[in-house]
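Reading the structure
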Amino acid sequence: MKAVRIIGGGLAGSEAAWQVASRGVPVILHEMRPVRPTLVHKTDGLAELVCSNSFRGDKLDNAVGLLKEEMRRLGSLIMRAADVARVPAGAALAVDRERFSQTVTQAIANHPQITLERIEVTTVPPSDGAPWIIATGPLTSDALSADIVRFIGAEHLSFYDAISPIVLAETIDRSKVFRQSRWDRNIGGAGAIGASGASGASGAARATGAVRAEADCSGGASAPPSPACGVDDGQGDYLNCPMSESEYAAFYEALVTAESATVHDFDRATFFEGCLPIEVMAHRGRDTLRFGPMKPVGLIEPRTGRRPYAVVQLRQDNLAGDHWSLVGFQTQIKWSDQARVLRLIPGLEHAEFVRFGMVHRNTYINGPAVLRETWQTRVREDLFFAGQVSGVEGYVESAASGLLAGRNAAALVLGDTPSAPPRTTAIGALAYYVSHAEAKHYQPSNITFGIMPPLEESPVEAGRQPRRPKKGVDRKHALSARALAALETWRPSDRPQAVAATAVDAVLQD
């Protein structure tokens, strides 16, 4: 049987390898690290996370939560590894980076159908009768990038992405911060994923974000909140650094006057809107940060019983809890200035930084001009692209593209017809967007309900006007219910042995 070859051992490449191997098809996975390091990777582990440790929301009232659930039902290695490495993050899915990467690496290394080769591939492989998947991520090497340009006949598009700082937990002043998840929202609350397969089985274990006890810290006219409520009491998943108006003003002025690190062609650089550096946001207006990563809504400072003027949230970055990342604080400020500016945040006056923020370039192809919905290239059915280099944005979206590319590459080897799920699913909508958006002005996108077909109007009853689906959370849950039903209809195309082969836990056993 011909082997599927995959270039790149990131989220997409690892997921693709797993999907191919789970269908009984041999895989050769090429990863250039550590033979050829990158500027931002720190290890040689597969699926290393170099930006945030968050996979974003994990409930069915948001599109990325739906995409995760679809991937779980399709036997995703990345989702299983993320659940294994989960750390408290309210209603979001965040992971211990090291454990996550180790879990993926172990699964790939232990699978009898996968061969891992540590070499750099510098050219687009010629057609040799076996499928190839290019999943080299946003940091595709210069040599391979140049050859991809030659192959697709057009220049790459690219944007700059930034990384948030990480602080050492023991250097946070716990007397100035308070624990709370925004709106006391946690994975076990309303809107949590239902009991379906892997997600339902682990739902209770994932409800680690305890809701604050209102009786303890809510205060009132007759019982003002205790000063002790200002101390980290172990409740809630985030550490919150509250700011007064004057503290915010001082922080803002220091931020907008800080010196940026040198970025090649920075004057012409395009940043992804979902991951803007904080100083770029700050230059858009004095209160932009207070409506972005420093928004105080849904949080009550226990010492005062009131909402702070602004808040910096810290999210646990590893299972040990000794590293915390600054949520939404990606930055390109020079490291010396980062330390000075970030130590103006209450609670971080004496913070030690495990990692400072930095900027790197993301490179991606113009998906609509190059790709089919199956993630095959339009000019060669045996060549696939997947991950961020294919024109998607986000960890989950990258892994989802690898999942479909892997399934379809295996289908070619097995003599089946490649296919994509219906557009009414999140994973199908993402595939359709990447292959059908306007090529002239294409920009990568996270999964959103907006790229899925709208809900149909209710049938006319007894001469009444048709009723549109409710807005807000009810509408989102309806979209998710429709998507999961459509996915179940599409899934019977799986070969029986492929479904059985996706028992991830059997390969992850120590």
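Fair warning: this is a prediction, and the values are worked out from it, not measured in the lab. (Residues numbered from 1 in each chain as written. Predicted model: local features only at pLDDT ≥ 70, side-chain atom pairs only at ≥ 80, totals over all residues. Heavy atoms only, no water.)

1. A word on the sheet that holds strand β14 (residues 353-355)
Spatially, β10-β11-β12-β13-β9-β14 is the arrangement adopted by the six strands of the open sheet, whose pairing is antiparallel. Single-partner strands in this sheet number two, and they are β10 (178-179) and β14. Both strand β11 (residues 238-243) and strand β12 (residues 310-316) contribute to a ladder of six bridges, which runs antiparallel. Bridge pairing links Leu-239 to Leu-314 in β12. (Pairing = 2+ DSSP bridges. Helix = DSSP H or I, 4+ residues; strand = E, 2+ residues; numbered from the N terminus.)

2. Things to note about the nonpolar core
Membership of the largest hydrophobic core comes to 87 residues, with the highest contact counts inside it found for Phe-55, Ile-78, Phe-100, Val-104, Ile-133 and Trp-375. By residue number, the principal contributor to this core is helix α13 (residues 395-414), which donates nine residues. Once you skip the residues sitting within four places of it in the chain, Phe-55 turns out to touch Leu-49, Val-64, Lys-68, Ile-78, Met-79, Leu-93, Ala-94, Val-95, Phe-100, Tyr-395 and Val-396. Core analysis: the second largest hydrophobic core is formed by 36 residues, Val-167, Ile-172, Ala-254 and Ala-258 among them. (Core = buried A, V, L, I, M, F, W, Y, C linked by side-chain atoms within 4.5 Å. Buried < 20%, exposed > 50% of the residue type's maximum accessible area, 1.4 Å probe, protein only. Contact = heavy atoms within 4.5 Å.)

3. Structural notes on the pattern of salt bridges
A full pass over the atoms with the stated rule returns 18 salt bridges. Here Arg-33 makes a salt bridge to Glu-48, at a shortest N to O gap of 3.4 Å. Taken together, the residues span a long stretch of sequence, with Arg-33 in the loop between β2 (27-30) and β3 (54-57) and Glu-48 in the loop between β2 and β3 at a distance of 15 residues. Of the two residues examined, Arg-33 and Glu-48, each falls in the buried class. Put simply, Asp-382 and Arg-380 hold a salt bridge, and the shortest N to O gap is 2.9 Å. The class for Asp-382 is buried, based on a relative accessible area of 10%. The network of salt bridges with shared partners includes Asp-58, Arg-72, Asp-83 and Arg-86. (Salt bridge = Lys/Arg side-chain N within 4 Å of Asp/Glu carboxyl O.)

4. As for the sheet that holds β3
Within the open sheet, the three strands sit side by side as β3-β5-β4. Their pairing is antiparallel. Strand pairing shows two members of the sheet lacking a second neighbour, β3 and β4 (86-87), which therefore form its edges. Contacting β3, β4 and β5 (92-95), helix α2 (residues 63-73) crosses the sheet at an angle of about 115° to β3. (Axes fitted to C-alpha atoms, helices over the stretch in contact; angles between N-to-C directions.)

5. Section: the pairing of β2
Side chains of β2 alternate between two faces, with Val-27 and Leu-29 and Ile-28 and His-30 buried alike. Relative to β2, strand β1 (residues 4-7) is paired through four bridges, and the arrangement is parallel. Bridge assignment links Arg-5 to a residue of β2, and that residue is Ile-28. In this fold, β1 hands off to helix α1 (residues 11-21), which returns the chain to β2; that crossover is right-handed. Note: β2 against strand β6 (residues 114-117), four bridges, orientation parallel. Pairing of Val-27 across the sheet is with Ile-114, part of β6. (Right-handed = clockwise from strand over helix to strand, strands pointing away.)

6. A short note on the confidence of the model for the protein chain
Averaged over every residue, the pLDDT of the protein chain is 82; residues scoring 70 or more account for 78%. Note on residues 189-232: pLDDT is under 50 here. Beyond four places in sequence and across chains, it has 75 contacts. This model gives residues 496-502 a pLDDT under 50, and the stretch forms seven contacts once residues within four places in sequence are excluded. (pLDDT = per-residue confidence, 0-100.)

7. Let's talk about helix α11 (residues 335-342)
When α11 is considered as a whole, its buried residues turn out to be Asp-337, Gln-338, Ala-339, Val-341 and Leu-342. Buried residues along α11 sit against α9 (245-256), β13 (323-326) and β14.

8. Quick word on the side chain of Ser-325
Counting through the fold element by element, Ser-325 comes out in strand β13. Contact partners of Ser-325, with chain neighbours within four places excluded, come to Asn-53, Pro-165, Ile-166, Gln-313, Leu-314, Arg-315 and Asp-317.

9. As for helix α14 (residues 426-436)
Counting buried residues in α14 gives eight out of eleven residues, a clear majority hidden from the surface. Every buried residue of α14 is listed here: Ala-426, Ile-427, Gly-428, Ala-429, Leu-430, Ala-431, Val-434 and Ser-435. Close packing links the buried residues of α14 with α2, α12 (367-370), α13 and α15 (473-490). Two or three places before Gly-428, at the start of α14, stands the capping residue Thr-425, its side-chain oxygen 2.9 Å from that residue's backbone nitrogen. (Polar contact = N/O pair within 3.5 Å; in protein donor to acceptor, adjacent residues only side chain to side chain.)

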